[in-house]
Amino acid sequence: MSTEKPANPLAVAKASKHHRVILVTGLAGAGKTVALRTLEDLGWEAIDNFPLRLLDRLLDTPQSSGGRGDGMAQLAIGFDSRTRGFDPLTIIDRVKQLSNRADLDISTLFLDCSGAELERRYNETRRPHPLAQERSVSDAIAQEREWLEPLRRWSDVVISTTSFATNQLQQAIREYYNPQRAQRATLSVISFGFSRGMPPIADLVFDMRFLDNPHWDPQLRPMTGQDKPVADYIAANPDFQAAFVRIRNLLLFLLPLYEKQGKAYITIAFGCTGGRHRSVFTAEQMAKGLRDAGFSPTVSHRNLSSRPADLVEGRPAG
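Quantities reported herein were computed from a predicted structural model and do not represent experimental measurements. Along every chain, residues carry numbers that run from 1 in the direction the sequence is written. A pLDDT threshold of at least 70 governs which residues receive local features in this predicted model, and a stricter bar of 80 or more applies before side-chain atom pairs are shown or counted, although totals over entire chains, interfaces and linings include all residues. Values reported for side chains reflect all heavy atoms of the structure, with hydrogen atoms and water molecules removed beforehand.

### A few points about a nonpolar patch on the surface
- A contiguous nonpolar patch, built from Leu250, Phe253 and Leu257 and spanning about 280 Å² of accessible area, is present on the exposed surface.
- Of note, Phe253 is situated in helix 8 (residues 238-260).
- Type-normalised accessible area, obtained with a 1.4 Å probe on protein chains alone, sets the label of each residue: buried when under 20%, exposed when over 50%, and partly exposed for intermediate values. Of the residues examined, Phe253 reaches a relative accessible area of 53% and is grouped as exposed. Here a patch means residues that are over 30% exposed by relative accessible area and free of salt bridges, tied together within 9 Å if like-charged and within 5 Å if nonpolar (Val, Leu, Ile, Met, Phe, Trp, Tyr). Using the Shrake-Rupley algorithm and a 1.4 Å probe, accessible areas are obtained, with residue cover drawn only from the displayed protein chains. Here a salt bridge means any side-chain nitrogen of Lys or Arg lying within 4 Å of a carboxyl oxygen belonging to Asp or Glu. Secondary structure counts use DSSP, requiring at least four H or I residues in a row for a helix and at least two E residues in a row for a strand, with both numbered from the N terminus.

### A word on helix 8
- Under the 1.5 Å per step criterion, the end-to-end length of helix 8 is 34 Å for 23 residues, consistent within 8% with the ideal 33 Å.
- The set of residues buried in helix 8 consists of Phe240, Ala243, Phe244, Ile247, Leu251, Leu254, Leu255 and Glu259.
- In this analysis, two residues are considered to be in contact whenever any of their non-hydrogen atoms come within 4.5 Å of each other. Against the buried residues of helix 8 lie helix 6 (166-177), strand 7 (186-193), strand 8 (204-207), helix 7 (228-235), strand 9 (265-272) and helix 9 (278-292).
- In protein, a polar contact requires one atom able to donate a hydrogen and another able to accept it; more generally it is a pair of N or O atoms within 3.5 Å, and residues adjacent in sequence count only if both atoms are side-chain atoms. A distance of 2.9 Å separates the backbone nitrogen of Asp239 from a side-chain oxygen at the start of helix 8, and that oxygen is part of Asn237. Under the convention used throughout, the expected extent of a helix is 1.5 Å for every residue step, that is, one less than its residue count.

### Re the nonpolar core
- The nonpolar core is taken to be a set of buried Ala, Val, Leu, Ile, Met, Phe, Trp, Tyr and Cys residues, with the residues joined through side-chain atoms within 4.5 Å. If you look at the biggest cluster of nonpolar residues, it comprises 45 residues, and the most contacted ones within it are Ile77 and Leu109.
- With 25 residues, the next largest nonpolar core counts Leu187, Phe206, Leu251 and Phe281 among its residues.

### Here we look at the layout of surface pockets
- Using protein atoms alone on a 1 Å grid, points that fit a 1.4 Å probe yet trap it form a cavity, whereas open point sets bounded by protein on both sides within 12 Å along at least five of seven lines form a pocket; residues with an atom within 4 Å of a point count as lining. Grid points are joined across faces, edges and corners, and a volume is the space filled by probe spheres set on the points. Its boundaries defined by the atoms lining it, the largest pocket holds a volume of some 550 Å³.
- As for the largest pocket, its lining consists of 22 residues, and the residues nearest its centre are Gly29, Ala30, Gly31, Val34 and Arg121.
- Contributions of two or more residues to the lining of the largest pocket are made by helix 1 (32-41), helix 4 (115-125) and helix 6.
- A per-element tally of the lining of the largest pocket places helix 4 first, with six residues.
- Each residue receives one of three labels: charged for Asp, Glu, Lys and Arg, nonpolar for Ala, Val, Leu, Ile, Met, Phe, Trp, Tyr, Cys and Pro, and polar for the others, Gly being one of them. Its residues assigned to classes, the lining of the largest pocket shows six nonpolar, seven polar and nine charged.

### Description of the confidence of the model for the chain
- A residue's pLDDT is the confidence the predictor assigns to it, expressed on a 0 to 100 scale. Confidence in the prediction of the chain, expressed as mean pLDDT, is 82, and 82% of residues score 70 or more.
- Of all helices and strands in the chain, the one with the weakest mean pLDDT is strand 1 (residues 2-4) (50), whereas strand 8 scores best (97).
- Scored below 50 in pLDDT, residues 5-16 shows 28 contacts in the model against residues more than four places distant or in partner chains.
- Of the regions scoring below 50 in pLDDT, residues 65-71 engages in six contacts with residues more than four places distant in sequence or in other chains.

### Notes on the pattern of salt bridges
- For the structure shown, the criterion picks out 12 salt bridges.
- Note that Asp48 is salt-bridged to Lys32, the shortest N-O span being 2.5 Å. Highlighted residues: Asp48 in strand 3 (residues 45-48) and Lys32 in helix 1, separated in sequence by 16 residues.
- Between Asp203 and Lys263 there is a salt bridge whose closest N-O contact spans 3.2 Å. With Asp203 in the loop between strand 7 and strand 8 and Lys263 in the loop between helix 8 and strand 9, the pair connects residues that are 60 residues apart, well separated along the chain.
- Of the residues examined, Lys263 reaches a relative accessible area of 28% and is grouped as partly exposed.

### Some points on the side chain of Thr224
- The topology assignment puts Thr224 in the loop between strand 8 and helix 7.
- Setting aside its immediate chain neighbours within four residues, Thr224 contacts Val230, Arg276, His277 and Leu304.

### Section: the packing of aromatic side chains
- Working definition: a ring pair exists when centres of Phe, Tyr or Trp rings (six-membered ring for Trp) sit within 6.5 Å. Plane angles under 30 degrees give stacked, over 60 give edge-to-face, the rest tilted. As enumerated under the stated definition, the model contains five aromatic pairs in all.
- On the basis of an interplanar angle of 65° and a centroid distance of 4.8 Å, the ring pair of Phe192 and Phe194 is categorised as edge-to-face. For the residue pair Phe192 and Phe194, the accessibility class agrees, reading buried in each case.
- One aromatic cluster is present, built from ring pairs that chain together Phe240, Phe244 and Phe281.
- Criterion for a charge above a ring: Arg CZ or Lys NZ at most 6 Å from the ring centre, at most 35 degrees from the ring normal. Directly above the aromatic system of Phe194 lies the positively charged group of Arg209, at a separation of 3.8 Å from the ring centroid.

Structure representation (structure tokens):
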């Protein structure tokens, strides 16, 4: 990450301040929309292309603290050369005045990018540069860069997105503007039966059909993986425990990496033939293991209420 002025602009605000405001600007195509969406995911109220002449009215409008508990409302305002009334020098003067307000903790984020990379992005998306009109994209980018240079020099934080993919910019925003809070994904653990179709939204799928099937025990057949006799039957198989430990350790390794990449929703699916015994028990046990490790998964069983049927379950082993 390429940044300037490394001191975090969102250091703990004075007790008298109740608004945290980030002004997000920069070169068109450098990632302003991605930055605003990431800040919104972090709990900031995000507004893009807001008319700057209405800035005072917006800041004077009472905001909800969003359940933060410290009375600090968080507002991210995006603007660039496309915004009506945009003028870098006027913006600098206005923010200097706002910085004197006791109720504001205001900072500016500038998103920069090399001209060659911006030109590649515009050519790839086939979108016109806002300043292109009758000139080439490269000339429009050069003009905008010169126009914005005073604002770039003055900004609290400058992030260059030249070598960033979208998820890398998301990660940089999260690390810079919310370093104390790890980004936690919404985690779902589900069970299902392969004979009734694969779940369409699963990110990680584990096939538990290598275990002995309780369906072929007449006493266990009407039960499910939530019943103790079925749970004891599956847990008694040494192959279950060996596989369970390996899968759990794999998940504990992968989940923080997914979260680091900004993945907001992760679905882990366990499947067996009918979706009533082995997958249900494994999903319940894995959810417990993940909770013990500090995660907060939800658990659902897609085929728990399905009718047990020999035709669905296939032939018994042996």
